[in-house]
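A closer look at the structure
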Amino acid sequence: MRNIVILISGTGSNMAAIVKAAQRDAWREKLDARIAAVISNRADAKGLAFAAGLGIATVVLDHKLFDSREAFDTALAAQIDHYEEPGSPVLVVLAGFMRILTPGFVSRYAGRLLNIHPSLLPAFPGLHTHQRALDEGCKVAGLTVHQVTAELDHGAILAQAVVPVLPGDTADALAARVLTQEHLIYPRAISDLLQHS
Ligand code: GAR
């Protein structure tokens, strides 16, 4: 059984979409994988209650209680590795996890650490992606699922979806349109990766 650990910081709507996909028969027939735990760096992350309500293990690891990024990432890795099965490395899925990870953490999970970013990378890495797309006059926006490397919002692209920018769009309206697609694409990208690894 392949264990998946999902890291969140807030609403966790992508996490919820992945959890729902993993409960469907089609996923269960195809993939020997389950969502083993949801870890948040914020105690007030809304997604925690959703996961706990489905009986998924939840962990809060408050980054503010650690002296350094390295100390937090070491503690985070220890929590993740708790779900390691012999011969079956945990897949680590960042879903709105708003922390920059240290190179040591990233290399520990190389090839099994995924992120979703709300832009068509390599355009608009970092924050405020939707406002920046609007400011540039982009006609399309979108999302990217990618392997995580030490460089922020880089790494091999696994999936992308394009979303139109509509006349009069605000950053919030565009974000909502992109998020709807995120919920479709992220579970699919995870399933594809699991099938081919
Ligand atoms: C999503 O739009 C995700 O792409 C973005 O945060 C949102 C989290 O929503 N991630 C990043 O910006 C990472 N750089 P969610 O908590 O409802 O899944």
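Above this text you will find the structure in question.
Everything numeric here is computed off the predicted structure, so don't read it as measured data.

**Side note on the overall build of the protein chain**
- A count of helical and extended segments in the protein chain gives seven helices and seven strands.
- Moving toward the C terminus, one meets the helices and strands of the protein chain in the order β-α-α-β-α-β-α-β-α-β-α-β-β-α.
- Against the compact-globule benchmark of 16 Å for 197 residues, the protein chain has a radius of gyration of 16 Å, which places it among compact chains.
- Structurally, the protein chain occupies a C-alpha span of about 50 × 45 × 30 Å along its principal axes.
- In the protein chain, buried positions account for 47% of the 197 residues.
- For the protein chain, long-range pairs separated by at least 24 residues make up 64% of all intrachain contacts whose partners lie at least 6 apart in sequence.
- Between the mean site of the 17 positive side-chain charges and the mean site of the 19 negative ones, the protein chain shows a separation of 4 Å.

**Details of the site of the ligand**
- In the neighbourhood of the ligand, the contacting residues comprise Thr11, Gly12, Ser13, Asn14, Gly96, Met98, Ile116, His117, Pro118, Leu179 and Glu182.
- Between Asn14 and the ligand, the recorded distance is 2.9 Å, taken from a backbone N or O atom to an oxygen atom.
- His117 has a polar side-chain atom sitting 3.4 Å from a nitrogen atom of the ligand.
- The fraction of the free accessible surface of the ligand (450 Å²) that becomes covered by protein chains is 83%.
- A breakdown of the residues in the shell around the ligand according to their chemical character gives four nonpolar, six polar and one charged.

**Regarding the nonpolar core**
- The biggest cluster of nonpolar side chains holds 37 residues, and the ones touching the most others in it are Ile4, Ile6, Trp27, Tyr186 and Ile190.
- If you tally residues by element for this core, the top one is helix H7 (residues 171-195), at eight residues.
- Every residue in contact with Trp27, bar those within four places of it in the chain, is listed here: Ile4, Ala21, Ala22, Ala33, Pro187, Ile190, Ser191 and Leu194.

**So, unusual backbone geometry**
- Cis geometry marks the peptide bond from Leu121 to Pro122; its omega dihedral reads 10°.
- Backbone geometry at Phe124 places phi at a positive 55°, although glycine is not the residue there.
- Within the fold, Phe124 resides in the loop between strand E5 (113-117) and helix H6 (129-135).
- By relative accessible area, Phe124 is classed as buried at 18%.

**With respect to the sheet that holds strand E2 (residues 33-40)**
- Taken in spatial order, the seven strands of this open sheet run E3-E2-E1-E4-E5-E6-E7, and their pairing is mixed. Only two strands of the sheet have a single partner each, and these edge strands are strand E3 (57-60) and strand E7 (157-164). Looking at each pair of strands side by side, their axes are set apart by 20° on average, direction ignored.

**A short note on the environment of Arg28**
- Mapped onto the secondary structure, Arg28 falls in helix H2 (residues 25-30).
- For Arg28, a relative accessible area of 52% corresponds to the exposed category.
- For the pair Arg28 and Asp67, spaced 39 residues apart in sequence, the C-alpha to C-alpha distance is 41 Å.
- For Arg28, the residues in contact, after removing those within four places along its chain, are Ala22 and Gln23.

**A closer look at the side chain of Ser9**
- Within the secondary structure, Ser9 sits in the loop between strand E1 (2-8) and helix H1 (13-23).
- A distance of 2.8 Å separates a polar atom in the side chain of Ser9 from the backbone nitrogen of Met98.
- If sequence neighbours within four positions are ignored, Ser9 has contacts with Ser40, Asn41, Arg42, Ala45, Gly96, Phe97 and Met98.

**With respect to the pattern of salt bridges**
- Following the criterion strictly, the structure yields six salt bridges and no others.
- Note that Arg108 and Asp81 form a salt bridge whose closest N and O atoms lie 2.4 Å from each other. With Arg108 in helix H5 (residues 103-108) and Asp81 in helix H4 (residues 69-81), this residue pair connects regions lying 27 residues apart in the sequence.
- Residue Asp81 is classed as partly exposed on the basis of its relative accessible area, which comes to 22%.

What counts and how
- Residues numbered from 1 in each chain as written.
- Predicted model: local features only at pLDDT ≥ 70, side-chain atom pairs only at ≥ 80, totals over all residues.
- Heavy atoms only, no water.
- Helix = DSSP H or I, 4+ residues; strand = E, 2+ residues; numbered from the N terminus.
- Rg over C-alpha atoms; globule rule 2.2 N^0.38 Å.
- Buried < 20%, exposed > 50% of the residue type's maximum accessible area, 1.4 Å probe, protein only.
- Contact = heavy atoms within 4.5 Å.
- Lys, Arg positive; Asp, Glu negative; His and termini not counted.
- Charge placed at Lys NZ, Arg CZ, Asp CG, Glu CD.
- Near = heavy atom within 4 Å.
- Polar contact = N/O pair within 3.5 Å; in protein donor to acceptor, adjacent residues only side chain to side chain.
- Areas by Shrake-Rupley, 256 points an atom, 1.4 Å probe, with all protein chains shown as cover.
- Nonpolar A, V, L, I, M, F, W, Y, C, P; charged D, E, K, R; others polar.
- Core = buried A, V, L, I, M, F, W, Y, C linked by side-chain atoms within 4.5 Å.
- Pairing = 2+ DSSP bridges.
- Axes fitted to C-alpha atoms, helices over the stretch in contact; angles between N-to-C directions.
- Salt bridge = Lys/Arg side-chain N within 4 Å of Asp/Glu carboxyl O.

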